[in-house]
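Residue-level listing of the chains:
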Amino acid sequence: GNSVTQMEGPVTLSEEAFLTINCTYTATGYPSLFWYVQYPGEGLQLLLKATKADDKGSNKGFEATYRKETTSFHLEKGSVQVSDSAVYFCALSEEGSQGNLIFGKGTKLSVKP
Amino acid sequence: KAGVTQTPRYLIKTRGQQVTLSCSPISGHRSVSWYQQTPGQGLQFLFEYFSETQRNKGNFPGRFSGRQFSNSRSEMNVSTLELGDSALYLCASSPRTGTKNIQYFGAGTRLSVL
């Protein structure tokens with residue numbers, strides 16, 4: 001079946017460090033791919049998305065590129081801030097589906113000043 | 001524009017009881033989906049409603065049910081609660097169904113089953 005695998009956390013970085021959170025997926029066809037972020041005590045917020053191969057999603061300094069050949073959608077940010085501390089979820093929506101999301105387990109990021 | 005509103009935010013129940021959770025989608029959104037979030041299983045899809053019809057269902061027992069009203073508000077019900085039903089239940093709304101649509105999440109209802 002379809003699935004998403006993302007690197008386990010927690011990930012601890014110093015402010016202004018470079019961030020990469022790996023995400024790979026298993027799916028037939030061309031799913032849509034998403035990164036969501038969850039801050040403590042809150043629901044999920046969409047961070048970025050990509051709906052076809054080679055698309056790059058970007059938002060708030062975060063980027064991810066839809067790589068069909070490696071079935072990956074890694075999240076990157078050049079310089080993290082303390083306010084980026086949260087749990088990050090990679091997710092996919094199967095091609096031709098109603099749109100329900102299949103999530104990875106989440107990666108907790110802590111950024112120290 | 002108001003976001004997705006879930007009520008109540010917190011709920012404590014005992015085993016065997018039933019519970020109803022409510023979700024008001026963003027104005028104009030017709031699709032509502034429900035997810036269960038637990039530390040062990042992560043985020044799992046429960047079901048999706050569009051125009052008062054269940055369009056998709058995840059792999060959960062029949063104790064989990066839902067409905068959607070004509071104003072797109074949705075409720076989910078869990079009967080005969082078990083300890084393992086303790087979780088954060090998230091509702092998400094979207095203008096329509098489909099692969100590329102963005103889902104907007106509420107803050108969730110945290111259910112504790114004692």
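Higher on the page you've got the structure.
This write-up is about the structure you can find in this document. One numbering rule holds for all chains: residues counted from 1, following each sequence as written. Note on labels: chains are lettered from A, ligands numbered from 1, in written order. pLDDT decides what is reported in this predicted model: residues at 70 or higher carry local features, side-chain atom pairs at 80 or more are listed and counted, and totals for whole chains, interfaces and linings draw on all residues regardless. As a convention, hydrogens and water are excluded, and side-chain values are obtained from all of the structure's heavy atoms.

**Focus: the overall build of chain A**
- A tally of helices and strands in chain A yields zero helices and twelve strands.
- Helices and strands appear in chain A in the N-to-C order β-β-β-β-β-β-β-β-β-β-β-β.
- For 113 residues, the compact-globule estimate of 2.2 N^0.38 gives 13 Å, and chain A sits close to it at 13 Å.
- Overall, the C-alpha framework of chain A stretches about 45 × 30 × 20 Å when taken along its three principal axes.
- Within chain A, the fraction of its 113 residues that count as buried is 47%.
- In chain A, once contacts between residues fewer than 6 apart in sequence are set aside, the share between residues at least 24 apart is 56%. Helix and strand labels come from DSSP, where a helix needs a run of H or I of at least four residues and a strand needs a run of E of at least two; each type is numbered from the N terminus. With the radius of gyration taken over C-alpha atoms, the globule rule is written as 2.2 Å times the number of residues to the power 0.38. Each residue gets one of three labels from its accessible area relative to the maximum for its type: buried under 20%, exposed over 50%, partly exposed in between, using a 1.4 Å probe on protein chains only. Should any heavy atoms of two residues lie within 4.5 Å, those residues are considered in contact.

**Regarding the overall build of chain B**
- Across its full length, chain B holds zero helices and eleven strands.
- Along chain B, helices (α) and strands (β) appear in the sequence β-β-β-β-β-β-β-β-β-β-β when read from the amino end.
- Relative to the 2.2 N^0.38 estimate, which gives 13 Å for 114 residues, the radius of gyration of chain B is 13 Å and therefore close to what a compact globule would have.
- Summarising its shape, the C-alpha atoms of chain B cover approximately 35 × 25 × 25 Å along the three principal directions.
- Relative to its full complement of 114 residues, chain B shows a buried share of 52%.
- Partitioning the intrachain contacts of chain B with sequence separation of at least 6 by distance along the chain shows that 55% fall at a separation of at least 24.
- Each accessible area is a Shrake-Rupley result for a 1.4 Å probe, and residues are judged covered by the shown protein chains and nothing else. Approximately 5,400 Å² of chain B is accessible, and the part contributed by carbon and sulfur atoms is 47%.

**So, the state of the cysteines**
- We call a pair of cysteine sulfur atoms a disulfide when they lie within 2.5 Å. This structure, assessed with the given rule, holds two disulfides over all chains.
- Between the sulfur atoms of cysteine 23 of chain A and its disulfide mate cysteine 90 of chain A the distance is 1.9 Å. Because the sign of the S-S torsion sets the handedness, a value of about -65 degrees for the bond joining cysteine 23 of chain A and cysteine 90 of chain A places this disulfide among the left-handed ones. Linking cysteine 23 of chain A in strand S4 (residues 23–26) with cysteine 90 of chain A in strand S10 (residues 86–93), this pair joins segments that are 67 residues apart in sequence. By the burial criterion, cysteine 23 of chain A is buried, and cysteine 90 of chain A matches it.
- Here cysteine 23 of chain B pairs with cysteine 91 of chain B through a disulfide, and the sulfurs are 1.8 Å apart. Classification of the bridge connecting cysteine 23 of chain B and cysteine 91 of chain B rests on its S-S torsion, roughly -55 degrees, and on that basis the disulfide is left-handed. One end of the pair, cysteine 23 of chain B, is in strand S3 (residues 19–24); the other, cysteine 91 of chain B, is in strand S9 (residues 87–94), with 68 residues separating them in the sequence.
- Judged by relative accessible area, cysteine 23 of chain B falls into the buried class, the value being 0%.

**Quick word on the pairing of strand S7 (residues 56–59) of chain A**
- Across four bridges, the pairing between S7 of chain A and strand S8 (residues 62–65) of chain A is antiparallel. Bridge assignment links serine 58 of chain A to a residue of S8 of chain A, and that residue is glutamate 63 of chain A. When DSSP finds at least two bridges between two strands, those strands are taken to pair.

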